[in-house]
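Observations on the three-dimensional arrangement
Single-letter residue listing:
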Amino acid sequence: MPAYVALTCTADVDWSAPEQTDELAGYREFGQAAAAIIRGGAALYPTATATTVRVRGGKGEVLASDGPHDETKEAITGFYLLECADLDEAVAAAAGLPAAWNGAVEVRPVIPFPPGEPTR
Amino acid sequence: MTDTAQGDPLVDGPPQVVRDDQLRLVFTCCHPALAPAARVAVALRVLCGLSTAEVARVLLVSEATMTRRLSRARQKIGRAAVPCRVPAGHELPERHDAVTAVVYLLFNEGYSATGGVDPIRPGLVDGAVRLARLLRELTPDEPTTIGLLALLLQNGGQREHLRARLAALDGATAGPADLPAEVAVDRPRPAGNRRECGLDSPG
């Protein structure tokens, strides 16, 4: 069965802040409604906590810089790993995420590497 | 569920059910997850049987561009598991424009082929008119559909007329008696024309 990652792209929020309780309730509802197809996922701390890593030059110099990879109005604030029959099912599920209402959800198919290959 | 003429479609369920196989597949190809430019191309290539070169000419892009566009679409269909599923009634409107474009372009290619020996391809014309009729039945209140069918019938009706004219221009076997008056007038009269132009001496 194909797997998809649903990236929630919304305003940069701190899910751990108390004022996000209402917003999180929507995600909790989604979690229950889509329990059968959710294989994993996480909410992320805001982009202020992000560190972007790049390696440049022949010496393999590690450049770790403060902030997200892309400074945009909307940020990736979380993700779900979904296992669905096809794209239509994944899109229907993603439409149930609050992020789809006040931002966007990017649905991307996951490459089905054999067990033990790059993903692990 | 039965279709009721008076029923409210929102209450009684979708009366729009695509019954024809080819039209269903055209709707299926016009999946909104595909790039708009790719939907029409995929349908023309896969369902209407046009070659990649023909699809490219029909959509006014180079063959190389069309090859890339089709292969990207195929790749997305495969990798993202875009389903080949008949869309539900409520999904039809968002696919309607692309389907209309497919039917129109199919007709166009049949009416005035972009390549090949025969400038008219009756199979494509007939197929397009058939699809346009079905589309009209499916969405009777959609102005685009009504206009499309009218256009196709109007131009399709001229097809035999056109063929006769082409045959006449080729100096083929059709005699003036077989042709509509308008065509007979246009039919070149080689000997007479040549005389008129002073190429042959009279007698």
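For the structure given in this document, a descriptive report is provided here. (Residues numbered from 1 in each chain as written. Chains lettered and ligands numbered in written order. Predicted model: local features only at pLDDT ≥ 70, side-chain atom pairs only at ≥ 80, totals over all residues. Heavy atoms only, no water.)

1. What to know about the overall build of chain A
Looking only at helices and strands, chain A has three helices and six strands in total. The helix and strand sequence of chain A, counted from the amino end, reads β-α-β-β-β-β-α-α-β. Burial status across chain A gives 28% buried among its 120 residues. Surface accessibility of chain A: about 7,800 Å² in total, with carbon and sulfur atoms responsible for 57%. (Helix = DSSP H or I, 4+ residues; strand = E, 2+ residues; numbered from the N terminus. Buried < 20%, exposed > 50% of the residue type's maximum accessible area, 1.4 Å probe, protein only. Areas by Shrake-Rupley, 256 points an atom, 1.4 Å probe, with all protein chains shown as cover.)

2. What about the sheet that holds strand 2 (residues 38–43) of chain A?
Residue and element names in this part refer to chain A. Read from one edge to the other, the open sheet built from four strands follows the order 2-5-1-6, with strand pairing classed as antiparallel. The open sheet has two free edges, formed respectively by strand 2 and strand 6 (104–109), since each of these has just one partner strand. Neighbour-to-neighbour, the strand axes of this sheet turn through a mean angle of 20 degrees, independent of strand direction. With respect to the sheet, helix 2 (residues 87–94) is in contact with strand 1 (3–11), strand 5 (74–83) and strand 6, its orientation differing from that of strand 6 by roughly 155 degrees. (Pairing = 2+ DSSP bridges. Axes fitted to C-alpha atoms, helices over the stretch in contact; angles between N-to-C directions. Contact = heavy atoms within 4.5 Å.)

3. With respect to the interface of chain A and chain B
Many authors give the size of an interface as the accessible area that is lost as the parts come together. Facing the six residues of chain A at the interface are eight residues of chain B. Of the roughly 560 Å² buried between chain A and chain B on both sides combined, carbon and sulfur atoms contribute 62%. Broken down residue by residue, the surface that chain A buries against chain B is led by Leu87, Asp88 and Pro109 of chain A, which jointly contribute 73%. The interface formed by chain A and chain B contains zero salt bridges. Linking chain A with chain B are three residue pairs in polar contact (both at pLDDT 80 or more). (Buried area = accessible area lost by both parts, 1.4 Å probe. Salt bridge = Lys/Arg side-chain N within 4 Å of Asp/Glu carboxyl O. Polar contact = N/O pair within 3.5 Å; in protein donor to acceptor, adjacent residues only side chain to side chain.)

4. Description of the pattern of salt bridges
Counted by the stated rule, this structure contains four salt bridges over all chains. Among the ionic pairs, Arg108 of chain A bridges to Glu106 of chain A, the shortest N-O distance being 2.7 Å. Arg108 of chain A sits in the partly exposed class, given a relative accessible area of 47%. The salt bridge partner of Arg121 of chain B is Glu54 of chain B, with a shortest N-O separation of 3.1 Å. Of this pair, Arg121 of chain B sits in the loop between helix 6 (92–111) and helix 7 (122–138) while Glu54 of chain B is found in helix 4 (residues 52–58), placing the two residues 67 residues apart along the sequence. For Arg121 of chain B, a relative accessible area of 24% translates into the label partly exposed. Under the relative-accessibility criterion, Glu54 of chain B is labelled buried at 14%. Several salt bridges share partner residues, and in doing so they unite Glu54, Glu109 and Arg121 of chain B into one network.

5. Details of the nonpolar core
Leu44, Val102, Val103 and Leu152 of chain B are the most contacted members of the largest nonpolar core, which has 38 residues in total. Of all the secondary-structure elements, those providing two or more residues to this core are helix 2 (21–29), helix 3 (36–47), helix 4, helix 5 (63–79), helix 6, helix 7 and helix 8 (143–157) of chain B. Residues contacting Val102 of chain B, with those up to four places away along its chain left out, are Val26, Cys30, Val40, Ala43, Leu44 and Cys48 of chain B. Grouped together as the second largest cluster of nonpolar side chains are 19 residues, Phe30, Ala34, Cys84 and Leu97 of chain A included. (Core = buried A, V, L, I, M, F, W, Y, C linked by side-chain atoms within 4.5 Å.)

6. Observations concerning the packing of aromatic side chains
All names here are of chain A. Using the criterion set out here, one finds three aromatic pairs over all chains in the structure. Pairing Trp15 with Tyr27 gives two aromatic rings, centres 5.2 Å apart and planes at 70 degrees, and the pair type is edge-to-face. Taken as a pair, Trp15 in the loop between strand 1 and helix 1 (21–33) and Tyr27 in helix 1 lie far apart in primary sequence, twelve residues in all. For the residue pair Trp15 and Tyr27, the accessibility class agrees, reading buried in each case. (Phe/Tyr/Trp six-rings, centres within 6.5 Å; stacked < 30°, edge-to-face > 60°.)

7. Digging into helix 3 of chain B
All names here are of chain B. Here helix 3 is twelve residues long and its end C-alpha atoms lie 17 Å apart, about the 16 Å a rise of 1.5 Å per residue gives. Looking only at helix 3, the buried set comprises Ala38, Arg39, Val40, Ala41, Val42, Ala43 and Leu44. In this fold, the buried residues of helix 3 make contact with helix 2, helix 4, helix 5 and helix 6. Phi turns positive one or two residues past the end of helix 3, at Gly49, with a value near 75 degrees. (Expected span 1.5 Å × (residues − 1).)

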